[in-house]
Amino acid sequence: MPAADNLKGQTAHRWKIPSLYLVRGAHLVEDILPYYAEDSLSAMFHDLLAELEPGCKGDAAFYLSLLRTSPADILELGCGSGRLSLALSKHGHNVQGIDTAEAMLRLAKFHRSRLDRGWAQRVSFTTGDMTTFSFPRKFDLIVAPYFALNHLPSEDAVLSTFTLVAAHLVPGGYFSLHVADTDRLSRPLEQEAATRATIQYDTAGSRLQLDIVERHLDPATKCCSLVLRYSMISADGAVGRTSSERLTYRAIEEAELDSFSARAGLCRVGPKVQAGETGYFLAFRNADKA
Ligand SMILES: C[S@@+](CC[C@H](N)C(=O)[O-])C[C@H]1O[C@@H](n2cnc3c(N)ncnc32)[C@H](O)[C@@H]1O
């Protein structure tokens, strides 16, 4: 979650814009785009922001620690740019990633195309919704990383996801997720220490400036609507491409996840594992014996 005060003063010098975006990215975008839309800067800079999110640092090691078999079959819900799917498959596992955003899947396939053949063959990316997916096979591990479930608009959508996850896990298989901290999402924007973050993204000194323009929480739906303005600024201070993009997150309580997992036939494994101030990890297990 790109909360500006998380990112304050941070840099990611080694990060590079994927070259397929360098071809596209010269025009100004004035409308408010949905997050991860075609040509969005949220898609283009996703991996940069993931590098700065505490719950993404070392998350592959956390998910891998749950595996009891190798090579394992893993499903990633909301795989985005493939950041995690590619890291998990590097360890010899077979990974299926699904996502609703074509722009993100295109990035994932682009990153995969740069790997050696053996590694690339272990990863598949397909269009799919985590609330309705169906595969003719089961998985040893299903993951919903980097606030994936917070993108779902309702309790019904979260429950559908848990039900499908349970149906797609082998006996004894694990489901693990990284969830956004609810308090942060509910906090009025006026209470934020900063609403702007500036992140250097290349060695020439180019910067991404991120401003939180709006943030509203609807207490009835628990959905938080954020408008973030992305501005690309060159080393000499010239403002290049800008884009305002809307992200909707739904606050999910730990108790809601425990309740839905029990209804789906999954049991909780261990306590929640806090990842910085922004979120935490949970793990559940298919209650059927392996
Ligand atoms: C914050 S990104 C995380 C990407 C990736 N999992 C990672 O950890 O780097 C969240 C992703 O969830 C996807 N998403 C949102 N709603 C979804 C849904 N209903 N089904 C599948 N993917 C969804 C978005 O398109 C986006 O790519």
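Below you will find a few notes about this structure. Bear in mind the structure is a predicted one, so any value in this text is a computation, not a measurement.

**Things to note about the overall build of the protein chain**
Okay, so step 1: Helix and strand counts for the protein chain come out as 11 helices and 13 strands.
Okay, so step 2: Going through the 290 residues of the protein chain one by one, you find that 42% of them count as buried.
Okay, so step 3: The contacts in the protein chain between residues at least 6 apart in sequence include a share of 70% that link residues at least 24 apart.

**A look at helix H11 (residues 254-264)**
Okay, so step 1: Taken as a whole, H11 has its buried residues at Leu257, Phe260, Ser261 and Ala264. All buried residues of H11 fall inside an arc of 100° around its axis, so they share one side. H11 presents Ala255 and Arg263 as exposed residues on the side facing more than 90 degrees away from its buried surface.
Okay, so step 2: Contacts made by the buried residues of H11 are with helix H9 (155-167), strand S6 (169-180), strand S11 (266-268) and strand S13 (279-286).

**Some remarks on the sheet that holds strand S1 (residues 32-34)**
Okay, so step 1: A sheet is described by the order of its strands in space; here 5 strands give the open sequence S1-S10-S9-S8-S7, paired in mixed fashion. Each edge of the sheet is formed by a strand with only one pairing partner; in this case those strands are S1 and strand S7 (196-200). Pairs of neighbouring strands in the sheet enclose a mean axial angle of 30°, with direction left out of account.
Okay, so step 2: Judged from the 5 bridges that link them, S7 and strand S8 (residues 207-218) form a sheet pairing that is antiparallel. If you follow isoleucine 199 over to S8, its bridge partner there is leucine 208.

**Quick look at helix H7 (residues 102-113)**
Okay, so step 1: Here H7 is 12 residues long and its end C-alpha atoms lie 16 Å apart, about the 16 Å a rise of 1.5 Å per residue gives.
Okay, so step 2: Of all the residues in H7, the buried ones are Ala103, Met104, Leu105, Leu107, Ala108 and Arg112.
Okay, so step 3: Here the buried face of H7 lies against helix H3 (41-44), helix H6 (83-89), strand S3 (94-99), helix H8 (117-120) and strand S4 (123-127).

**Focus: the site of the ligand**
Okay, so step 1: The local shell around the ligand holds 21 residues, among which Gly78, Gly80, Ala101, Tyr146 and His151 are the closest.
Okay, so step 2: The residue inventory of the shell around the ligand, partitioned by class, reads 13 nonpolar, 5 polar and 3 charged.

**Regarding the environment of valine 239**
Okay, so step 1: Here valine 239 is to be found in strand S10 (residues 239-250).
Okay, so step 2: In this structure, the C-alpha to C-alpha distance between valine 239 and leucine 208, residues 31 residues apart in sequence, is 9.7 Å.
Okay, so step 3: With residues near it in sequence (within four places) discarded, valine 239 still touches Ser231 and Ile233.

**Digging into the packing of H9 against H11**
Geometrically, a packed helix pair is captured by the angle between its two axes and the distance between the axes.
Okay, so step 1: Contact pair H9 / H11: the axes reach a minimum separation of 9 Å and the direction vectors enclose 45°. Between H9 and H11, the interaxial angle falls into the category oblique. Crossing handedness for the pair H9 and H11: right-handed. On the side of H9, the interface is formed by Glu155, Val158, Leu159, Phe162, Thr163, Val165 and Ala166, while H11 contributes Glu256, Phe260, Ser261, Arg263 and Ala264.
Okay, so step 2: For the contact of H9 with H11, a count of residues per class yields 7 nonpolar, 2 polar and 3 charged.

**Brief notes about the environment of phenylalanine 147**
Okay, so step 1: Assignment of secondary structure puts phenylalanine 147 in the loop between strand S5 (139-144) and H9.
Okay, so step 2: Residues phenylalanine 147 and cysteine 56 lie 91 residues apart in sequence; the distance between their C-alpha atoms is 9.9 Å.

**Things to note about the pairing of S5**
Okay, so step 1: Taken across its 6 residues, S5 has 6 buried, putting it largely inside the fold.
Okay, so step 2: As defined by bridge partners, strand S2 (residues 73-77) adjoins S5 across 3 bridges and the pair is classed as parallel. Within S5, the residue paired with glutamate 76 across the bridge is valine 143.
Okay, so step 3: Where S5 lies against S6, 5 bridges are found, and the strand directions are parallel. Counted as the bridge partner of alanine 144 is leucine 177 from S6.
Okay, so step 4: Handedness of the S5-H9-S6 crossover: right-handed.

**Some remarks on the pairing of strand S9 (residues 223-233)**
The two faces of a sheet get side chains in turn, since along a regular strand they alternate between them.
Okay, so step 1: Only one face of S9 is buried: it carries Cys224, Leu226, Leu228, Tyr230 and Met232, and the other face, with Cys223, Ser225, Val227, Arg229, Ser231 and Ile233, is open.
Okay, so step 2: Of the pairings in the sheet, the one linking S8 to S9 comprises 11 bridges and is antiparallel in character. Across the sheet, residue glutamine 209 finds its bridge partner in S9, namely serine 231.
Okay, so step 3: Counting the residues that bridge the hairpin from S8 to S9 gives 4 residues, and of these lysine 222 lies at a positive phi of roughly 65°.

Criteria and thresholds
Residues numbered from 1 in each chain as written. Predicted model: local features only at pLDDT ≥ 70, side-chain atom pairs only at ≥ 80, totals over all residues. Helix = DSSP H or I, 4+ residues; strand = E, 2+ residues; numbered from the N terminus. Buried ≥ 20, exposed ≤ 12 C-beta atoms within 10 Å, placed from the backbone. Contact = placed C-beta atoms within 7 Å. Arc of directions from axis to C-beta. Pairing = 2+ DSSP bridges. Axes fitted to C-alpha atoms, helices over the stretch in contact; angles between N-to-C directions. Expected span 1.5 Å × (residues − 1). Near = placed C-beta within 6 Å. Nonpolar A, V, L, I, M, F, W, Y, C, P; charged D, E, K, R; others polar. Parallel < 35°, antiparallel > 145°, perpendicular 65-115°, else oblique. Left-handed = near helix turned anticlockwise from the far one by under 90°. Right-handed = clockwise from strand over helix to strand, strands pointing away.

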